Amino acid sequence: MKKIVLTGDRPTGPLHLGHYVGSLLNRVEMQEIHKQYVMIADIQALTDNFEDPMKVRRNIFEVVKDYISVGIDPSKTTIFLQSQIKEIAELTVFYMNLVTLGRLERNPTVKTEMKQKGFGDSIPVGFLCYPVSQAADITVVKAEIVPVGEDQLPMIEQTNEIVRKFNRLYNTECLKEAEAVLGKAKRLVGIDGAEKAGKSLGNAIFLSDDSDIVKSKVFSMYTDPNHLKVSDPGNIEGNVVFAYLDIFHNDKEEVEALKAHYQKGGLGDVAIKQILYKSLEKLLAPIREKRASVQDVDIYEIIGHGITETRKVTEHTIDEVKDAMSIMKW
Ligand code: TRP
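Residues numbered from 1 in each chain as written. Predicted model: local features only at pLDDT ≥ 70, side-chain atom pairs only at ≥ 80, totals over all residues. Heavy atoms only, no water.

1. Quick notes on the packing of aromatic side chains
Here comes step 1: Applying the stated criterion across every chain yields a total of 7 aromatic pairs.
Here comes step 2: Measuring from centroid to centroid gives 5.2 Å for F119 and F127, while their planes differ by 65°, and the two rings are edge-to-face.
Here comes step 3: Residue F119 is classed as buried on the basis of its relative accessible area, which comes to 19%.
Here comes step 4: On the numbers, 5.3 Å between centres and 65° between planes, the contact of F127 with Y130 is edge-to-face. Neither residue differs from the other here; F127 and Y130 are each classed as buried.
Here comes step 5: The positively charged end of R10 is found above the aromatic ring belonging to Y130, 4.7 Å away from the centroid.
Here comes step 6: The cationic tip of K35 hangs over the ring face of Y37; the distance from NZ or CZ to the ring centre is 4.9 Å. (Phe/Tyr/Trp six-rings, centres within 6.5 Å; stacked < 30°, edge-to-face > 60°. Buried < 20%, exposed > 50% of the residue type's maximum accessible area, 1.4 Å probe, protein only. Lys NZ or Arg CZ within 6 Å of the ring centre and 35° of its normal.)

2. Notes on the domain arrangement of the chain
Here comes step 1: When the domains of the chain are assigned, the result is domain 1 (4-189 + 295-324) and domain 2 (211-290).
Here comes step 2: Taking the mean C-alpha position of each, domain 1 and domain 2 sit 35 Å from one another.
Here comes step 3: For the pair domain 1 and domain 2, the summed buried area comes to about 860 Å², and 81% of that belongs to carbon and sulfur atoms.
Here comes step 4: Three residues stand out in domain 1 for area buried against domain 2, namely L17, S69 and V189, and they jointly supply 51% of the buried area on that side.
Here comes step 5: Counting across the domain 1 and domain 2 interface gives 0 salt bridges.
Here comes step 6: Linking domain 1 with domain 2 are 1 residue pair in polar contact (both at pLDDT 80 or more), by the criterion used here.
Here comes step 7: Of all the elements in the fold, those that place two or more residues in the side of domain 1 that touches domain 2 are α1 (17-33) and α3 (53-70).
Here comes step 8: When the residues that make up the side of domain 1 that touches domain 2 are grouped by side-chain class, the tally is 7 nonpolar, 1 polar and 1 charged. (Domains from an automatic or database assignment. Buried area = accessible area lost by both parts, 1.4 Å probe. Salt bridge = Lys/Arg side-chain N within 4 Å of Asp/Glu carboxyl O. Polar contact = N/O pair within 3.5 Å; in protein donor to acceptor, adjacent residues only side chain to side chain. Helix = DSSP H or I, 4+ residues; strand = E, 2+ residues; numbered from the N terminus. Nonpolar A, V, L, I, M, F, W, Y, C, P; charged D, E, K, R; others polar.)

3. Thoughts on the site of the ligand
Here comes step 1: Near the ligand you find L6, G8, R10, M39, A41, Q44, Q134, D137, I138, V146, V148 and Q152, and these make up its full shell.
Here comes step 2: Between the ligand and R10 there is a distance of 3.2 Å, counted from an oxygen atom to a side-chain nitrogen or oxygen.
Here comes step 3: Elements represented by at least two residues in the shell around the ligand include exactly β1 (4-9), α8 (130-140) and β4 (145-148).
Here comes step 4: For the shell around the ligand, the element with the highest residue contribution is α8, accounting for 3 residues.
Here comes step 5: Class assignment for the residues of the shell around the ligand results in 6 nonpolar, 4 polar and 2 charged. (Near = heavy atom within 4 Å.)

4. Quick notes on the side chain of R103
Here comes step 1: Along the chain, the position of R103 falls in helix α5 (residues 101-106).
Here comes step 2: A residue is classified by how much of its surface remains accessible, and R103, at 15% relative accessible area, is buried.
Here comes step 3: Excluding residues within four positions of it along the chain, R103 makes contact with E157, Q158 and E161. (Contact = heavy atoms within 4.5 Å.)

5. Regarding the nonpolar core
Here comes step 1: One finds Y95, I205 and Y244 to be the most contacted residues of the largest nonpolar core, which totals 88 residues.
Here comes step 2: If one sorts the elements of this core by residue count, helix α14 (residues 296-324) sits on top with 7 residues.
Here comes step 3: Two domains each donate at least three residues to this core, and these are domain 1 (4-189 + 295-324) and domain 2 (211-290).
Here comes step 4: Excluding anything up to four places from it in sequence, Y95 contacts V132, A135, A136, T139, I162, F166 and L175. (Core = buried A, V, L, I, M, F, W, Y, C linked by side-chain atoms within 4.5 Å.)

6. Describing helix α9 (residues 153-169)
Here comes step 1: Compared with the 24 Å implied by 1.5 Å per residue over 17 residues, the 24 Å span of α9 between its first and last C-alpha is a close match.
Here comes step 2: All buried positions along α9 are accounted for by P154, M155, I156, Q158, T159, N160, I162, V163, F166 and N167.
Here comes step 3: Once α9 finishes, N171 follows within two positions and takes phi at roughly 50°, a positive value. (Expected span 1.5 Å × (residues − 1).)

7. A closer look at the pairing of β4
Here comes step 1: Neither face of β4 is left uncovered, since the one carrying I145 and P147 and the one carrying V146 and V148 both have all their residues buried.
Here comes step 2: Two strands pair when backbone bridges link them, and β4 and strand β5 (residues 179-182) are joined in this way by 4 bridges, in the parallel orientation. From the neighbouring strand, V146 faces β5, where its bridge partner is A180.
Here comes step 3: For the segment spanning β4, α9 and β5, crossover handedness is right-handed. (Pairing = 2+ DSSP bridges. Right-handed = clockwise from strand over helix to strand, strands pointing away.)

8. Considerations on the environment of P11
Here comes step 1: Along the chain, the position of P11 falls in the loop between β1 and α1.
Here comes step 2: Measuring from C-alpha to C-alpha, the distance between P11 and E29 comes to 22 Å, with 18 residues separating the pair along the chain.
Here comes step 3: For P11, the contacting residues outside a window of four places in its chain are I40, A41, D42, A45, K55, V56, N59, I60 and V63.

9. Description of the packing of helix α4 (residues 86-96) against α8
Between two packed helices, what matters for the description is the angle formed by their axes and the separation of those axes.
Here comes step 1: Packing of α4 against α8 brings their axes to within 8 Å, and their N-to-C directions diverge by 125°. Classified by the interaxial angle, the pair formed by α4 and α8 is oblique. In terms of crossing hand, the pair formed by α4 and α8 is right-handed. Here E87, I88, L91, T92, Y95 and M96 of α4 lie close against α8, whose contacting residues are V132, S133, A135, A136, D137, T139 and V140.
Here comes step 2: When the residues that make up the contact of α4 with α8 are grouped by side-chain class, the tally is 8 nonpolar, 3 polar and 2 charged. (Axes fitted to C-alpha atoms, helices over the stretch in contact; angles between N-to-C directions. Parallel < 35°, antiparallel > 145°, perpendicular 65-115°, else oblique. Left-handed = near helix turned anticlockwise from the far one by under 90°.)

What follows is the structure, encoded as structure tokens:
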């Protein structure tokens, strides 16, 4: 049965291979089965980038280009911009009555992020409240499925608490609970061997990187620091090249053979990096080509069309919500 799906990304930088295996591939599949919305969360991006709004603005187009280049098809997926849907802001305000400060402070993802950002005692209210706004993103299109990474599970949980409370309090069924669906792939390690490849960590291969950059990133990958001579036995545990080969090299038997050879000794880092670079290029070259073929005017139109489509639904939702809350209408 066709369900409503919503996901989103903060436009704070270009998307990378971690996004590709973690969620973009998933979306390319989902658009064939379900009614899919993909939202560029520019307002959420401002909650921790409010001092640099141009960074957010610039990246909106980059992120949509990344979507199109990997095969998210705007005739199947509705791509829209959060800031253009006023109903999200309205819902956020209504939902704030249903959430306590204590509950917001207990959200584990927000807690971790606050520590990372070093807000100390000066926590911007907007940042603390972004899970409430995310509940609005999800419920405004009545999403039933939200494909996300593990770190987003607390947001879905909080969304569903709001939905249940709203429906009970106002004696309605107009809001729908959503189900979080985790991506197939686990997280992708950074090229430096860090646990996670991240936009801001400087350890990711971007979908928009050109061939030379991909090459230099592959050749700088963390391998086995004790594997000094080609003839030395090498370690594949924690070896980034093999972690990437596992995911991006199509011939799995060859990967196993390479691992055995490396562990035995006689296979050098340059050789395995060369192989990985080729496999990555096989994936990235068509993505790059597609990317080069889309113009800014196309992107402008795609987003505009997505906004119009989304509004048709969100205007209806906000009417129902206001009716349920006995808010007057003129
Ligand atoms: N918080 C998400 C992230 O940081 C982005 C996001 C905003 C989102 N609104 C959403 C994801 C709604 C799923 C559903 O990646």
